[in-house]
Each structure stands twice: as C-alpha cells, then as structure tokens.
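The lines below spell out each chain.
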Amino acid sequence: MSDLTTTTAPSAAPPAGGARVAPPGPSRGRSTLLRLLPAVALIAVLAVFPIFVGGFWLTIGFSVFAAVIGAVGLNLLVGTTGQLSLAHAFFLAVGAVTYVYVSGSPGGVSTEYGGLELPPLVGLIAGVLAAGLAGLLVSPITARLHGIYLGIATLGLVFIGVYLLNTVSYVTGGFNGRLVPDFELFGFNFGANEGPYLEVAGVPFGRNERLWYLGLVLCVLACWFAVNLLRSRPGRALQMVRDSETAGSVLGINVQEYKAKVFLVSSMYAGLAGVLYALSIGSIAPESFRLPLSVFYLAMVVLGGLGSVWGAVLGATFVTALPLVFQEYAAALPFIVEPGQSGGIIAPQAASFLFGIAIILVVIFEPGGLAGLARKLRRLTPSRPSRGSGPGRRSARAEIPTSASADSSTGGTLS
C-alpha cells in the first residue's frame, strides 16, 4: 500500500485552496517568440538597409557593427562580472595588427614592414586567437585584482601596446602605420569594388554594401553567443561573482578561474572588433589605439547599461554614430562650425560634451542606462492581461504547488 500511495498521492490530492495545476501549453513558446520578434524584425530591416541608403550611412553602420562587438565583449567583463578594465584598446590593437601582418604583403617606404600574405579569413581567425592569447597571459594577474586596482593594471597595458606599436615596426609599420588588406572569402572580395559583380534590386553592391553585410553577420553571431552565455550556468556564475565573490566561493564557484575565463572571452571579442575596426579605417597606426579608445568603449557600456547585451548595442550605436553624424550635418546644426572657423564649437568637441552630459544624467537618474530606460518604458506601456488572469483567479505560478505542500498532502508517505 505504501508503494501505491507514493505513486498516486501527489496527483490525487489537490493543493491547498483547491487550486489546480495549470496544464503545460504553448504559452512558453509564444512568449519566447514574442521576445525574439523585435530582434528578428531589426535584423530584417538591417538586411534590406543597403538598398535604400547611401554610402555614408553604410560606412557608419559598419563602424557601429565593429563597436557593438567590442562593447558586448567589454560588457561581459565589466557589466556581467564587475571587473573594471581599461585595456580594451590594447586587445583591439592585437587583433588588428595580427590580421594586417598575417594577411598583408611586405612593403613600406621610409619604414619597411613584412607580411605573411595568408588568406584574410586566416588573418581574421589569427587576430581573434592572438587577442584571446594576450588576455589569457594577463588573466592570472587580473583574476587576483578588482576595483580600481584592476583598472590601473589594465591601464598599463594600453601604454605598453602603444610603445610596441611604435617600436615593432617590422610588424606594425611603426609611427606611420600600414594599410589594411581587404577581407576576402572564397574569392569574394568584401573590401574593394573588384571581384565578382553583385547587384540586388538594381543597386550595385560595392565596398560599402559588402562590408555592411560582413559586419551585420558577425555582429549578430557575437550578440547571439553573448545572450546564450548569459543564460547558461557559467553566465549565472559570472553574475554571482559580480554580486558577491564570497557568496560565490561558498557556493563552489572558482572565482579566479571564472575571472580568467571571462577575460579570455572579452579579449577575443575585442580582437574581432579590432579586425573590423581596421577594415573600417583602412589603415592602422599607434594613434588609433590610445587610451581614448578604451574610454569610448567604457562609455558605451555605461550609457547602454551594465550587464545587458541590448544595452551594449544601444551604447555602441550612440557613441560611434554621434560624432560622424555631427560632422556630416555640422552646417545645419546651431553653434556647430567647421574646423578652423570661429563662433562655435567643432563637431568632435560637441560630441564629447554630449557624451559627458549623457554619462552624468545616466549615473544620476538612470544607472541602468539606455537598456534600463527601455525596460521602464515597457513597464509603463499597458499590456493585455494574460488568459486566466483577473479577479478570483490565480496566476500560473501560484497554481503550481510547492514541494512542501505536495509532501504534506501525501501524509508523509513519500519515501
């Protein structure tokens, strides 16, 4: 009898209050579809974007894609794990320089430089792996630091990187830098108007259009990986490390190991962003990878929202596109003048002022950044009540009995 009771009692005895367990249905699938719908719609719009806009906006878009990848990687480190890092410019430089050296050709006039002339895809993979290796080498040190001490330690990497870019001229081209080879995949050239002719809807797809789609695909894959990482067990462990390292250690989380691993992943993101950054500017030089670049990436993360992939996307778009748009439409904006003119401020300075004001407003009024503001606006939007909700009804969460109530309903015969 005890075996029979053990098998049938949980389903025979209703929970306290007469509530019934809600049967499984397609609601979870519908909710997942609704969550994915905005992302799918955005990707669809971006996929047809080059057909309707000119080269200026496509150039900005490719720069934004590169910045989004780097910002997502930095957000995994700073926002999700709570590790302050100012070395992002260093890892971008590692990725960019590795790609240029592996896929570039020897040359130079005043300063000679070499190149392996391997396929660009090999150079891209090598750039990502080299940046990850650099992050792995410094991870034993960074895993033992936190807060301002970690920030100072990573700040030193930026100055080391600038020094190496100037001195290892055979690889980097020295002070003057070197040109970036076009990206090519299976004979299809993304960086030049050469190669196979491509036309879509009567619009010829040249350099800008091809780079747009390259950046879009890599950006979507990078965001998809980050979202799945945050939803996995390692992602929850990283959030626990951010909230309390002591509590994480008590729960069995190897804090230093997870810090080292997230530094590795963040560095690989930066390496990929560095390759795209090099393709966007067309040449690499030490001046392109100084401290302001790290500060810009940190501003992307803070403005967008710490710990949010969507926040990194919004922050990178805002910080990257704003100066370029200001420069393009400076003549139509009040108090914005061209360089060399008086009676106002130039576009880069205006963008810097706006960055500063935006950061101050975010820190004071909305610490969650643009992603937090979007969540608040979504809560304020009246939503349709779900099926079964209303007066006198319980939600599906309330209808599911707890293990304690199920055990008590069986008379303690579950053994």
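Q: Run through the environment of Phe175, naming residues and quoting values.
A: Residue placement: Phe175 occurs in the loop between helix 7 (169-172) and strand 1 (178-179). The class for Phe175 is exposed, based on a relative accessible area of 58%. In this structure, the C-alpha to C-alpha distance between Phe175 and Ala285, residues 110 residues apart in sequence, is 6.4 Å. Discounting chain neighbours no more than four positions away, the residues touching Phe175 are Asn166, Ala285, Pro286 and Glu287.

Q: Can you tell me about the nonpolar core, naming the residues and giving the values?
A: Among the nonpolar cores identified, the biggest contains 85 residues, and Ile69, Phe91, Leu279 and Tyr297 are the most heavily contacted of them. A total of 15 residues in this core trace back to one element, the largest contributor, which is helix 3 (residues 55-80). Those residues in contact with Ile69, other than ones at most four positions away along the chain, are Leu218, Cys219, Ala222, Tyr269, Leu272, Ala273 and Leu276.

Q: Report on the packing of helix 3 against helix 11 (residues 255-281), specifying residues and quantitative values.
A: Contact geometry for helix 3 and helix 11: axes closest at 8 Å, N-to-C directions at 165°. Classed by the angle they form, the pair helix 3 and helix 11 counts as roughly antiparallel. By crossing handedness, the relation of helix 3 to helix 11 is classed as left-handed. Taken together, the residues of helix 11 that come into contact with helix 3 (itself represented by Phe62, Ser63, Ala66, Ile69, Gly70, Val72, Gly73, Leu74, Leu76 and Leu77) are Val262, Phe263, Val265, Ser266, Tyr269, Leu272, Ala273, Leu276, Tyr277, Leu279 and Ser280. Along the lines of polarity and charge, the residues of the contact of helix 3 with helix 11 split into 16 nonpolar, five polar and no charged.

Q: Mind laying out the packing of aromatic side chains, listing which residues take part and the relevant values?
A: Enumeration according to the criterion identifies twelve aromatic pairs in this entry. Seen in terms of ring centroids, Phe183 and Phe190 are 5.6 Å apart; in terms of plane orientation they differ by 50°. Their pairing is tilted. According to the relative accessible area criterion, Phe183 is buried, its value standing at 3%. Judged by its relative accessible area of 13%, Phe190 falls in the buried class. Aromatic rings pair up to connect Phe49, Phe65 and Trp212 into one cluster.

Reading the values: rules and limits
Residues numbered from 1 in each chain as written. Predicted model: local features only at pLDDT ≥ 70, side-chain atom pairs only at ≥ 80, totals over all residues. Heavy atoms only, no water. Helix = DSSP H or I, 4+ residues; strand = E, 2+ residues; numbered from the N terminus. Buried < 20%, exposed > 50% of the residue type's maximum accessible area, 1.4 Å probe, protein only. Contact = heavy atoms within 4.5 Å. Core = buried A, V, L, I, M, F, W, Y, C linked by side-chain atoms within 4.5 Å. Axes fitted to C-alpha atoms, helices over the stretch in contact; angles between N-to-C directions. Parallel < 35°, antiparallel > 145°, perpendicular 65-115°, else oblique. Left-handed = near helix turned anticlockwise from the far one by under 90°. Nonpolar A, V, L, I, M, F, W, Y, C, P; charged D, E, K, R; others polar. Phe/Tyr/Trp six-rings, centres within 6.5 Å; stacked < 30°, edge-to-face > 60°.

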